[in-house]
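The primary structure of each chain is shown beneath.
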Amino acid sequence: MGQAKLSICIPTFNREPFLRITLDSIACQLTDDLKEAIQIVVSDNASQDNTEVLVESYRGLFPHLVYYRWPENMGADRNYLKVVELASSDYCWLMGSDDILSDGSIRKVMETIGDGTTDILLFDRLLSDMKPSSIPRREFFVATEGDLLADSRKDFEGYLHYIRKSQSLGAYFSFISSLVFRKNRWDDIPDKDRFVGTAYAHVYILMKIIAQGALFRYCQTPVVTARLGNDGFLKSDSLDDFYQRVRLDIDGYCQIVNKAFGSDSYVSYKLLNKIEDIIPKGTLYTIYARQRRAKQDLPTKMELLLLNNGFYRKYISIKIKALVKKLSFR
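Quick caveat, the model's predicted, so the values are computed rather than measured. (Residues numbered from 1 in each chain as written. Predicted model: local features only at pLDDT ≥ 70, side-chain atom pairs only at ≥ 80, totals over all residues. Heavy atoms only, no water.)

**A closer look at the overall build of the chain**
Broken down by element type, the chain carries 12 helices and 10 strands. Sequence separation of 24 or more characterises 80% of the internal contacts of the chain that already satisfy a separation of 6 or more. As presented, the chain carries roughly 15200 Å² of accessible surface, and 50% of it is formed by carbon and sulfur atoms. (Helix = DSSP H or I, 4+ residues; strand = E, 2+ residues; numbered from the N terminus. Contact = heavy atoms within 4.5 Å. Areas by Shrake-Rupley, 256 points an atom, 1.4 Å probe, with all protein chains shown as cover.)

This is how it looks when you write it as structure tokens:
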């Protein structure tokens, strides 16, 4: 068997039914000319279902298959780090164990990594429901026509342009199944576990690579379908749990950006300003929708979280618009 060029790295925990569909969506794309080029790596966070038996049943379909099982659940971040550590290809593609590869996406990724000069690639995604039974809809992480290329090895102008065009946290690596990167660049980051516990340890590593100088490519091609309503970090549909989920985004990104690029850098300033635009909009509209359903007041602690983290301008703007809309129906 030859050396694989791309490792599809799947961290998982108790998602046997979903994982089966993910693996099937990979297997059906592994034509004879791709089988030897693709490694499948599964890191199991001590699942209590039949994940191990399921993965072993695919050995006949995947010539390069690596399975690892933790003796106990180590949390999502350490599982992300482990699954990449186990990979042995030039490139790694992180893959959520509940996501489904789009038709032809493996070949598309292989073509895009091409000559091996690109350090980080970010692809778009499709969104569906949990089953998924709805017709998937496109989500564009960046508002641009066509792909974007930014080379921070020379200067940050290309990346600053990318920041200006971004319109989702997905543009900043929040969604793992859209991420492909050179493994040696990942391995070279010394403090990979610095943000373990934030759910965004991988975001810091990739941002640090860009800060050090990297060729980064954003590709508008959607390579996976993501299931909405299956957020592993959202324990329930309650406003309280939603508050904790939003804190992950706000606390994590504010700390990670400052650490990766430097708290006094222009890139950090522009990034945090863009994130200030991105987070409150979706957050507040979601809160108001949940508030109406639950007939509860907007939690004061959510307001304080946004205000105390520099989201004042966007928060007030959205709140006023929501109030005007509410009054217009009276």
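Back to the write-up after that little detour.
**Looking at the pairing of strand 4 (residues 91–94)**
Burial of strand 4 is two-sided: the residues Y91 and W93 facing one way and the residues C92 and L94 facing the other way are all buried. Pairing geometry for strand 1 (residues 6–12) and strand 4, over 4 bridges, is parallel. Residue pairing in the sheet places S7 in a bridge with C92 of strand 4. Two elements, strand 4 and strand 9 (residues 179–182), share 3 bridges in a ladder whose sense is antiparallel. Bridge assignment links C92 to a residue of strand 9, and that residue is F181. (Buried < 20%, exposed > 50% of the residue type's maximum accessible area, 1.4 Å probe, protein only. Pairing = 2+ DSSP bridges.)

**Here we look at the pattern of salt bridges**
Counting across every chain of the model gives 12 salt bridges. Notably, a salt bridge pairs D119 with R182, separated by 2.7 Å at the nearest N-O pair. Highlighted residues: D119 in the loop between helix 5 (105–113) and strand 6 (120–128) and R182 in strand 9, separated in sequence by 63 residues. Across the pair R185 and D119 runs a salt bridge whose closest N-O atoms are separated by 3.5 Å. Of this pair, R185 sits in helix 7 (residues 183–187) while D119 sits in the loop between helix 5 and strand 6; the two residues are 66 residues apart in sequence, bridging distant segments of the chain. Like D119, R185 is buried. If you follow the salt bridges from partner to partner, you end up with D119, R182 and R185 in one network. (Salt bridge = Lys/Arg side-chain N within 4 Å of Asp/Glu carboxyl O.)

**Regarding the nonpolar core**
Note that soluble globular proteins tend to have their nonpolar side chains buried in a common cluster. Membership of the largest hydrophobic core comes to 89 residues, with the highest contact counts inside it found for W93, Y159, Y172 and M207. Top contributing element to this core by residue count: helix 9 (residues 239–261), with 8 residues. Y159 has contacts with A150, Y172, I210, F216, F261, V267 and L271, leaving out every residue within four places of it along the chain. (Core = buried A, V, L, I, M, F, W, Y, C linked by side-chain atoms within 4.5 Å.)

**So, helix 5**
Looking only at helix 5, the buried set comprises S105, I106, V109, M110, T112 and I113. Here the buried residues of helix 5 occupy an arc of 165° about the axis, which is enough to place them on one side. G114 sits one or two positions beyond helix 5 and adopts a positive phi of about 40°. (Arc of directions from axis to C-beta.)

**So, unusual backbone geometry**
Notably, N14 is not glycine yet its phi reads approximately 55°, a positive angle. Mapped onto the elements, N14 comes out in the loop between strand 1 and helix 1 (16–27). Overall, N14 belongs to the partly exposed group, its relative accessible area being 30%. Even without a glycine there, the phi angle at A199 is positive, about 75°. Of note, A199 is situated in the loop between helix 7 and helix 8 (201–212). Using a relative accessible area of 8% as the deciding quantity, one classes A199 as buried.

**Side note on the side chain of T51**
Summarising the element assignment, T51 is placed in helix 3 (residues 51–56). Take T51: its relative accessible area is 0%, and that puts it in the buried class. Among the polar contacts listed, one links the side chain of T51 to the side chain of D49, at a separation of 2.6 Å. Ignoring any residue separated from it by four or fewer positions in sequence, one finds T51 in contact with T12, R15, E16, L19, D44 and Y67. (Polar contact = N/O pair within 3.5 Å; in protein donor to acceptor, adjacent residues only side chain to side chain.)

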